Amino acid sequence: MSKHYDYLIVGAGLYGSVFAYEAKKNGKSCLVIDKRNHIAGNIYTEKRSDINVHVYGAHIFHTSDKFIWNYVQRFAEFNRYTNSPVAKYKGELYNMPFNMNTFSKMWKITTPAEAKAIIDEQKKEIKGEPKNLEEQAISLVGRDIYEKLVKCYTEKQWGRDCKELPAFIIKRLPVRFTYDNNYFNDSYQGIPMGGYTKLIENMLEGIDVILEKDYLTNRDELNACADKIVYTGPIDAYFDFCYGNLEYRSVRFETEELATDNYQGNAVVNYNDHDHPYTRIIEHKFFEFGTQPTTIISKEYSAEWKPGDEPYYPVNNEKNSELYLKYKALADKEEKVIFGGRLGEYKYYDMDKVIAAALEAVKKEFGKISE
Ligand code: UDP
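These notes cover the structure that comes with them. (Residues numbered from 1 in each chain as written. Predicted model: local features only at pLDDT ≥ 70, side-chain atom pairs only at ≥ 80, totals over all residues. Heavy atoms only, no water.)

1. Notes on the site of the ligand
Thr154, Trp158, Tyr183, Tyr313 and Tyr348 are the nearest of the 17 residues found near the ligand. Within the side chain of asparagine 270, an N or O atom sits 2.9 Å from an oxygen atom of the ligand. Isolated, the ligand exposes 530 Å² of accessible area, and the fraction of that covered by the protein chains is 93%. Broken down by secondary-structure element, the contributors of at least two residues to the shell around the ligand are helix 5 (133-158) and helix 6 (168-171). The residue inventory of the shell around the ligand, partitioned by class, reads 11 nonpolar, four polar and two charged. (Near = heavy atom within 4 Å. Polar contact = N/O pair within 3.5 Å; in protein donor to acceptor, adjacent residues only side chain to side chain. Areas by Shrake-Rupley, 256 points an atom, 1.4 Å probe, with all protein chains shown as cover. Helix = DSSP H or I, 4+ residues; strand = E, 2+ residues; numbered from the N terminus. Nonpolar A, V, L, I, M, F, W, Y, C, P; charged D, E, K, R; others polar.)

Structure below.
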């Protein structure tokens, strides 16, 4: 590498791109590398038959942080998409997240008082603080909904029994006693018009990017080319798995174009029984209210990560959380390296939180965020 940079940024995803953008604003030079042949990490979108395909799964931007919402508007205009998935259980269709539409269909009731009474009765089986995802789900929505809408979906998604999973995973989902199918409680929500790749392209404008460059197999050469490093790959891989490997869930997509303009009438349909091997089907055009003559769908299959697969979700159970802390202690000793993002921090981050974390690192590094 002939040029010397202030920062080498490993990974052209959201964390790395925000950091690079801010570093450049602070007059620092950056080289962003990625082992894939494209930028944007897992939020990468690709235009096929005039439809922006979320190649690594559905990404819906949502936040309650006004600063972050304003911040992302610098890079893209967002549409008014509001996520409201439907869940299929053995031919029955339920609205998500858990709200009066769900309760009314499940129990043939109409009022919030009736729904609350049923849930209160059903949650009596949980004594004390919920200790795991199963207990948390039952104490939030009762056993009927747990059995039909949570149990199988979660087992398929995580490949583990609901009793072995942390309670916080299910707390991501709102429970409401109103007829409101909005999947998120956040104040702001939308999809960047023109796709996420364009958003990241805008962040990286004027910054050197090298694709298909793997940091871990070219460490010596790459370490020599910059004063500091921002590493957004898996933290265990950085340390050559010296304490053993952290577990991840990986996701595989079967994507196809169909000769219909409307396959399922919604961007997201969850499959909550064991009769279907996939967890959900995404119909990409509906993220942008598309009216194209054909449609593109992706069936999402969840699997345990193994070397060579893409890691998607950290499995934040006790065993992995303990292991992560050991790696984190090593990371803290690396003075010239900032670890960030879902893989660098082994954290089930939403996009807004990734941006916030990157901006925190920016503040620490430069004392401020750009105006
Ligand atoms: N979940 C569920 N049923 C559903 C959708 C989600 O039980 O129909 C549970 C499941 O355990 C999942 C968690 O809620 O892992 C979080 O779901 P979310 O949609 O937030 O996950 P993501 O979109 O990040 O995969």
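Picking up after the structure, the text goes on.
2. Some thoughts on the side chain of glutamine 122
Looking at the element boundaries, glutamine 122 is found in helix 4 (residues 112-122). In this structure the side chain of glutamine 122 is engaged in a polar contact, spanning 2.8 Å, whose partner is the side chain of aspartate 144. If we skip the residues at most four places from it in the chain, glutamine 122 touches Trp107, Ile138, Val141, Gly142, Arg143 and Asp144. (Contact = heavy atoms within 4.5 Å.)

3. Some details on the nonpolar core
Core analysis: the largest hydrophobic core is formed by 114 residues, its most contacted members being Leu8, Phe19 and Phe103. Those residues within four positions of leucine 8 in sequence are excluded, and the remaining contacts are Leu31, Ile33, Tyr215, Leu222, Cys225, Ala226, Lys228, Ile229 and Val230. If you look at the next biggest cluster of nonpolar residues, it comprises eight residues, including Leu258, Val269, Tyr278 and Tyr301. (Core = buried A, V, L, I, M, F, W, Y, C linked by side-chain atoms within 4.5 Å. Buried < 20%, exposed > 50% of the residue type's maximum accessible area, 1.4 Å probe, protein only.)

4. A look at the state of the cysteines
With the rule as written, the count across this model stands at zero disulfides. We note that cysteine 162 lacks a disulfide partner, and the nearest cysteine sulfur, in cysteine 152, lies 8.6 Å from it. (Disulfide = S-S within 2.5 Å.)

5. Observations concerning the environment of isoleucine 51
Turning to its location among the elements, isoleucine 51 is positioned in strand 4 (residues 51-54). Judged by its relative accessible area of 1%, isoleucine 51 is buried. Counting along the chain gives 243 residues from isoleucine 51 to threonine 294, while the straight-line C-alpha distance between them is 9.1 Å. The residues contacting isoleucine 51, other than those within four sequence positions of it, are Glu46, His284, Lys285, Gln292, Thr294, Thr295 and Ile296.

Keep in mind these numbers describe shape, not what the thing actually does.
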